[in-house]
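Notes for the structure review
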Amino acid sequence: MKILMASSEGHPYAKTGGLADMVSALSLSLAKLGHDVRIVLPRYYNIGRSGLHLLEGAMGVPLGGAEEWCAVYNGELPGSPAKNPVQVYFIDHEQYFGRDGIYGNPWEPDFLDNPRRFTFFSRSVFQLCRKIAWFPDILHSHDWPTAMVNVYLKFWERPLGEQGEFAKTASVLTVHNLGYQGIYGKDNFNYTGLGWDVFYNGGFEDWNMMNILKAGLYSADKLTTVSPHYAEETKTQAQGFRLDGVLRYRSADYSGILNGIDTAVWNPARDRHIPQTYTASTLAKGKARAKEALQKELGLPVDADTPLIGMITRLTDQKGVGELFGPAHGSAWAICQDMKVQLALLGSGESWCEHEVKSLAARLPNFKCHIGYGEVLAHLIEAGSDFFLMPSRYEPCGLNQMYSLAYGALPIVRNTGGLTDTVENFDQENGAGTGFMFDDLNPQAVYNTVGWAIWTWYNSRSQIEAMRLRGMKKNFSWEGSAQKYVELYKSCLRT
Ligand code: ADP
Ligand code: GLC
């Protein structure tokens, strides 16, 4: 099959979270299965042009009754199979993408012109296909920034009929996070070039605003999200972010497919970023060396016996950081005061939280943080931690708990979304399970569950060791999930 991924993020070029990992890892897995997979991304300012190939001639994109011009670059996705490399196309438009930041920067977290930037990008996807004379069987878009692709296919390209180049193209939209929908003033709609009938019939209208994700959910042939449990949750009022009705309406075409992890990158047996690689049989030694290195790196007391809890996260409400670090009632302070533990955090995000975390770290000798983004440190935290804390408010899939299981760090997680699908709660009596889970998100529940894990560490170490080995045996590779996407694609082929 010919598959085109349209995305605002792709590893290693542009990443704010798991979306980037998913798009690239899925593409590589599909290419290994023999499909012709290509990715189209904006060429953000940080993506160097050297090493990329400039396609000849400028590309015109019709928009808002006029035409805008851009350049297109092309390269091969690193890690591609030699015989069937994944081609990546970069849309280069100075005004929209020639600046720091993917969606915003610290001073302007959501760029004012985001609806324009991503409308332009979505429209450019079709022009790109025309330019390279390659028309996909499947157009797969991801989250609100490319949801408009599905709308253009349904309301602009396909109505051209059999003569249109996209008559045989089907579309899939994957929801990675329902919390971000791209809701903007409806004056932005003029710019799409679509008729106002589409504003109402195509699902854009949302309390007199323009909701881009909602229109995508109405327009795509098939919808997916990144875990089966989250697919169910999003159809409920409690977790549906006001789109549960749309998802129930489309439920026949909506399913959850669990993300995999890139085992070439996240694998303790091959990891180049940790002091000593390890497998299940050399776990004790490998983890001890990584733990020591991590303690030294962050300035924690070097101590093998004290359990170390790691965290790698965006510091946003979704991740439960209010319950942990909230100034009035967060549980991190009490955890570090009352328990003989160490806490190591790598993260960046909302500024109130960054300040709060730094202030805690200054007052607690057993809590250290690194505010920022650090690929190498992320690997060391997975390898060096005994536990991994992820108290998410909601979690469409979550990758870090799977990395943790692979590295023998036991997840302490809230029972929600993809966390439910990947972690099994500890059963003290039978010794079963791979992590520690709680249902309700409040500071007390986080405190109690961390306490439970720490109690088990000090009082039943053999059960901890058994759980680690069980976790390391889990297979979260992409092969199975890529196969599920193939089946989904086949079910909507129009050729
Ligand atoms: P989300 O996409 O909601 O942030 P995921 O668990 O799916 O959550 O993916 C997060 C990804 O981003 C993981 O690959 C994780 O290691 C990475 N990550 C998040 N914050 C940081 C950080 N500060 N430094 C390095 N990697 C990070
Ligand atoms: C989103 C979700 C996360 C998921 C990732 C990749 O960022 O918050 O749970 O793992 O997308 O699909």
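Just above, that's the structure.
Predicted, not measured: the structure shown is a model, and the values here were computed from it. (Residues numbered from 1 in each chain as written. Chains lettered and ligands numbered in written order. Predicted model: local features only at pLDDT ≥ 70, side-chain atom pairs only at ≥ 80, totals over all residues. Heavy atoms only, no water.)

An order of β9-β11-β10 is seen for the three strands of this open sheet, with the pairing classed as antiparallel. Both edges of this open sheet fall to β9 (183–185) and β10 (205–206), since each of them pairs with a single strand only. In the sheet, β10 pairs with strand β11 (residues 209–211) via two bridges, with the strands oriented antiparallel. Counted as the bridge partner of Glu-205 is Met-210 from β11. (Pairing = 2+ DSSP bridges. Helix = DSSP H or I, 4+ residues; strand = E, 2+ residues; numbered from the N terminus.)

Of the consecutive residues His-11 and Pro-12, the connecting peptide bond is found in the cis state with omega at 5 degrees. Relative to the assigned elements, Pro-12 resides in the loop between β1 (2–6) and α1 (18–32). One non-glycine residue with positive phi stands out, namely Ala-133, at about 50 degrees. Its location among the elements puts Ala-133 in the loop between α3 (114–132) and β7 (138–142). You will see that Asn-208, though not glycine, has its phi angle at about 70 degrees, which is positive. Looking at the element boundaries, Asn-208 is found in the loop between β10 and β11. Here Asn-208 falls in the partly exposed class, since its relative accessible area comes to 44%. (Buried < 20%, exposed > 50% of the residue type's maximum accessible area, 1.4 Å probe, protein only.)

Running from amino to carboxyl end, α3 crosses helix α4 (residues 143–157) at an angle of 55 degrees, the nearest separation of the two axes being 8 Å. Put simply, α3 runs oblique to α4. As for the relative orientation of α3 and α4, their crossing is right-handed in sense. Mapping the contact onto sequence places Asn-114, Phe-118, Thr-119, Phe-121, Ser-122, Arg-123, Val-125, Phe-126 and Arg-130 in α3 and Trp-144, Pro-145, Thr-146, Met-148, Val-149, Tyr-152, Leu-153, Trp-156 and Glu-157 in α4. (Axes fitted to C-alpha atoms, helices over the stretch in contact; angles between N-to-C directions. Parallel < 35°, antiparallel > 145°, perpendicular 65-115°, else oblique. Left-handed = near helix turned anticlockwise from the far one by under 90°. Contact = heavy atoms within 4.5 Å.)

The full set of residues close to ligand 2 is Gly-18, Leu-19, His-176, Asn-177, Val-226, Asn-259, Arg-314, Gln-318, Glu-395, Pro-396, Cys-397 and Gly-398. The separation between an oxygen atom of ligand 2 and a polar side-chain atom of Glu-395 is 2.5 Å. Within the backbone of Gly-398, an N or O atom sits 2.8 Å from an oxygen atom of ligand 2. Taken by itself ligand 2 offers 310 Å² of open surface, and the protein chains cover 93% of this. Looking at the shell around ligand 2 residue by residue, the class counts come to four nonpolar, six polar and two charged. Built from parts of two domains, the shell around ligand 2 gets at least three residues from each of domain 1 (2–260 + 478–491) and domain 2 (280–472). (Near = heavy atom within 4 Å. Polar contact = N/O pair within 3.5 Å; in protein donor to acceptor, adjacent residues only side chain to side chain. Areas by Shrake-Rupley, 256 points an atom, 1.4 Å probe, with all protein chains shown as cover. Nonpolar A, V, L, I, M, F, W, Y, C, P; charged D, E, K, R; others polar. Domains from an automatic or database assignment.)

Another point: the site of ligand 1. Near ligand 1 there are 19 residues, and of these Gly-18, Arg-314, Lys-319, Gly-372 and Leu-399 occur at the shortest range. Between ligand 1 and the protein, one listed contact pairs an oxygen atom with a side-chain N or O atom of Lys-319 at 2.8 Å. In isolation ligand 1 exposes 560 Å². Once the protein is present, 92% of that is buried. Looking at the shell around ligand 1, the elements that each hand over two or more residues are α1, β14 (308–315), β15 (342–349) and α14 (400–406). Of all the elements, β14 adds the most residues to the shell around ligand 1, at three residues. In terms of domain composition, the shell around ligand 1 takes at least three residues from each of domain 1 (2–260 + 478–491) and domain 2 (280–472).

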